[in-house]
Amino acid sequence: MTGVHQFVPALLPRDATGDHTLALRDTFRSAGWESEIYVEAAHDELIDQATYFERYPERAEPGDILLYQLGTASPVADFLLSRPEPLVLDYHNVTPASFYEGWEDHTSEKVTLARSQVAALAPLAVLGIADSAFNAAELRRLGCRTTAVLPILIGRDGWVDRVDERELSRLFADHGTATVLLFVGRISPNKAQHHLVEALWLYRRWYDPEARLHLVGPAVTASYAEAVFGFAAELGLEGAVRHGEHLTPAQLAAWYADADVFVCVSEHEGFCIPLLEAMASDLPVVAYAAGAVPETLGDAGILLDDKRPSLVASAVDRVRHDPVLADRLVAAGRGRLGQFGAAATRARFVEVLGALAAGRGVD
Amino acid sequence: MPSVAPIEPDPPVDPVGPVDTGPAARARYLDEVMAEIDAEVRRRRASGDLPAGLERELDELFLEFSPVGLHGRARLRETLALVDGSAYVDTAVPVASQKAVGSYVKRLIRKAIGWYVGFIVHQIVRFAWSVSRMFHVVVDHVEDLEAAVESQRTPELPASAVPVAGPGWSWWSGAAVDALAGVGGRVLHAECGDGTLLDALIAGGADAYGVDPTESVIEPAIDRGLDVRAESVLGHLEVVADEALSGIVLSGSIQWLHPNERDRLETLVTSRLAIDGVLVLHSATPESWTAGSSHLISDLAPGRPLHAGTWSHLLAQRGFRPTALLYGGEDRRLDQVAPSNADADAINAAIDVVNTLLLGPGEYLLVAVRER
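Computed from a predicted structure; not experimentally measured.

> Help me out: how do you make sense of the interface of chain A and chain B in this one?
On the chain B side, the residues contacting the 56 residues of chain A number 39 residues. Together, the buried faces of chain A and chain B total about 4100 Å²; carbon and sulfur atoms form 66% of this surface. The largest per-residue losses of area from chain A upon contact with chain B belong to Trp206, Arg318 and Arg328 of chain A, which jointly make up 15% of the total buried on that side. Run the count over chain A and chain B and you get two salt bridges. Across the salt bridge formed by Glu36 of chain B and Arg318 of chain A, the nearest N and O atoms sit 2.5 Å from each other. The tally of links between chain A and chain B comes to seven residue pairs in polar contact (both at pLDDT 80 or more).

> What's the story with the pairing of strand β9 (residues 212–216) of chain A in this structure? I'm lost.
Where a strand is regular, its side chains alternate between the two sheet faces. Residues and elements named next belong to chain A. For β9, the tally of buried residues reaches five of five residues, placing the bulk of the element in the interior. Of the two faces of β9, the one lined by Arg212, His214 and Val216 and the one lined by Leu213 and Leu215 are each fully buried. The sheet contact formed by strand β8 (residues 180–184) and β9 spans five bridges and is parallel. Within β9, the position partnered with Phe183 by the bridge is Leu215. Taken together, β8, helix α7 (residues 193–206) and β9 form a β-α-β motif whose crossover is right-handed. Read as a crossover between parallel neighbours, the route from β9 over helix α8 (residues 222–234) to strand β10 (residues 241–244) is right-handed.

> What is the right way to look at the sheet that holds strand β7 (residues 147–149) of chain A in this model?
The strands making up a sheet associate through hydrogen bonds between their backbones, and the pairing can be parallel or antiparallel. Residues and elements named next belong to chain A. Strand order in the open sheet formed by seven strands is β3-β2-β1-β4-β5-β6-β7, and the pairing between neighbours is parallel. Here the strands that pair on one side only, and so sit at the sheet edges, are β3 (51–52) and β7. Note that strand β5 (residues 87–91) and strand β6 (residues 127–130) share four bridges and pair parallel. Within β6, the residue paired with Leu89 across the bridge is Gly128. Docked against the sheet, helix α1 (residues 16–30) engages β1 (4–11), β2 (37–42), β4 (65–70) and β5, running at close to 160° with respect to β1. Contacts between helix α14 (residues 342–357) and the sheet are confined to β1, β4, β5 and β6, with β4 contributing the most and set at about 135° to the helix.

> So what exactly am I meant to see when it comes to the packing of helix α6 (residues 165–175) of chain A against helix α9 (residues 249–258) of chain A here?
Angle between the axes and distance between the axes: these two values describe a pair of packed helices. Residue and element names in this part refer to chain A. One can describe the packing of α6 onto α9 by two numbers: an axis separation of 8 Å at closest approach and a directional angle of 40°. Comparing the axis directions of α6 and α9 gives the class oblique. Where α6 crosses over α9, the handedness of that crossing is right-handed. Here Glu167, Leu168, Leu171, Phe172 and His175 of α6 come into contact with α9, specifically with Gln251, Ala254, Trp255, Ala257 and Asp258. Taken together, the residues of the contact of α6 with α9 break down into six nonpolar, two polar and two charged.

> In this structure, what is going on with the side chain of His5 of chain A? I would like to understand it.
Residue and element names in this part refer to chain A. Secondary-structure assignment places His5 in strand β1. Given the relative accessible area of 4%, His5 is considered buried. Those residues in contact with His5 that sit more than four places away from it in its chain are Glu34, Ser35, Glu36, Tyr38, Tyr56, Asp64, Ile65, Leu66 and Leu67.

Definitions and limits used
Residues numbered from 1 in each chain as written. Chains lettered and ligands numbered in written order. Predicted model: local features only at pLDDT ≥ 70, side-chain atom pairs only at ≥ 80, totals over all residues. Heavy atoms only, no water. Contact = heavy atoms within 4.5 Å. Buried area = accessible area lost by both parts, 1.4 Å probe. Salt bridge = Lys/Arg side-chain N within 4 Å of Asp/Glu carboxyl O. Polar contact = N/O pair within 3.5 Å; in protein donor to acceptor, adjacent residues only side chain to side chain. Buried < 20%, exposed > 50% of the residue type's maximum accessible area, 1.4 Å probe, protein only. Helix = DSSP H or I, 4+ residues; strand = E, 2+ residues; numbered from the N terminus. Pairing = 2+ DSSP bridges. Right-handed = clockwise from strand over helix to strand, strands pointing away. Axes fitted to C-alpha atoms, helices over the stretch in contact; angles between N-to-C directions. Parallel < 35°, antiparallel > 145°, perpendicular 65-115°, else oblique. Left-handed = near helix turned anticlockwise from the far one by under 90°. Nonpolar A, V, L, I, M, F, W, Y, C, P; charged D, E, K, R; others polar.

Quick look at the structure:
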């Protein structure tokens, strides 16, 4: 029996890679294959669904295919380099170190290591799966001979959870009818939240003096987060920029439901799941065209080729006060979302890995 | 290979809003919207709502909050604050857990090994604070040094004000060739310009080469096959071996070096010149400095020419024996009036005073031999 076993540095709940890995495991098992998840570490909630990667050799079977969920540095990469089984990379992108230089040197070193691991693994992989053409191109540049673009799978039903109504009421009570700009993503230099603060400052001067910016995501780069919020305070936006962290899925859904426009000025995105979450929340999107954002967004949002605060503020206002445009973007978002449907993605994963197991190669 | 289990199809997409007119029409529509957004920004700019440079100023303001944007002293202090912040080790390990019993167990473990952890942490913190204190002392010293250096910093002389070494034969060239005739070893001409003096030195039998910081000036010398390098005299002498030169000619901008650099030049010349080596120094006179040269140079140059006597004194202190002093160049002294003039004596006495104090020959050539 074919075995497609996944390796992932950390299996975490409420995490895109974690959800993707679990959903794939279930998909492979539904296809009649053996499928286990091997990890370097796992959260308490998921520890019974994972096995430490060092134990794989004693369980290895002829015909196994090893699928590595690659998005960070890990000793798992070195382990896989030593394995004889066919290796498939599922690449979720690693942020270039240059974004962290000067902000957080240890993170810069870690992503440098991660990118060196991608470079070592890519030429050895029989197949590189990427969740965007942007990521696939990066794999090919690093020597991966065959690549396929397959979207990331989300384990939950739909892209966003049921809305936490209490959270929604609490948010609304805080800002009333003021315009709310939302961005979801870790607070990190490559996400460029400081440019959103600049856009908000200008938006309040020009269009709505009560407008708010809601930033949802962990402050993983502490020095950058401090700079962003210090900068906002300096501009007199202390109460206007709100940070949401450690939200439950239902609370996150409430933040989406509460917002008027989803704004992304990130400088490096390998896929950008929040764009899909915004589409699923019927939230119009304004985004800077960087990395994989254009291909994920398609024509379901206003795509800016520049992220000057004046341009971002004007685009937000246009979306906010042009109902025809907003409706069109929301409708296009729903259509776009259909292209990332879970069923089609699961089928494509089975098709691609099945072909590999049968020795037919990948179409 | 097992057969693939059937997978339920995705639910159909239910678009809302205006009728979908196809991807091309949607793209055109979005292009039109973008053009209108661009126009709105231009309108804001034209109306004065978006002053020029405002967005750049916002970026610069953000950099003030960022370690990336900090430079020099601010960055040093920022880094020091990080060291201070990291020097504290918290022994209160978090005990939160997803499971109720987990929290209890963690609390129990923390209590049980608290004495052990505390002992270790105490030593780690003491070490960390010692390191941090050392950094504070170093930073204080660095800041004192920076302040001292900054207070003595001389503004750069505008490049456009610096004259390139004048080509051609000067009044002092023949004397320099004579002074260096028969020295035997390598002779360096600093700020050699187009190499005219080098030609004469070589013709006189010297093994001469030159340096000049202005690349364009030395091109004719290079074209003639002379050994000429585009370097400053200080930079060149730094890499020359001790006592490797038998003769040195100093001319050009060395006469207005900053006092610290002039002192360094004296040291280098002394060490690089062999015993019995000959130093030839050409300079403007202080009297001609303000009157005869560009005001930009005389006002902004980091140093000023010395009197010949002062050079003689400085060189003597370093073991040189002055052997010749020649004055030349433009002589701006006033002529005395004829004795037939009724007030000739008084006028000529006044002219003597003016000539002595304010005027006199424009340049001099000092020759000295290194004796020790």
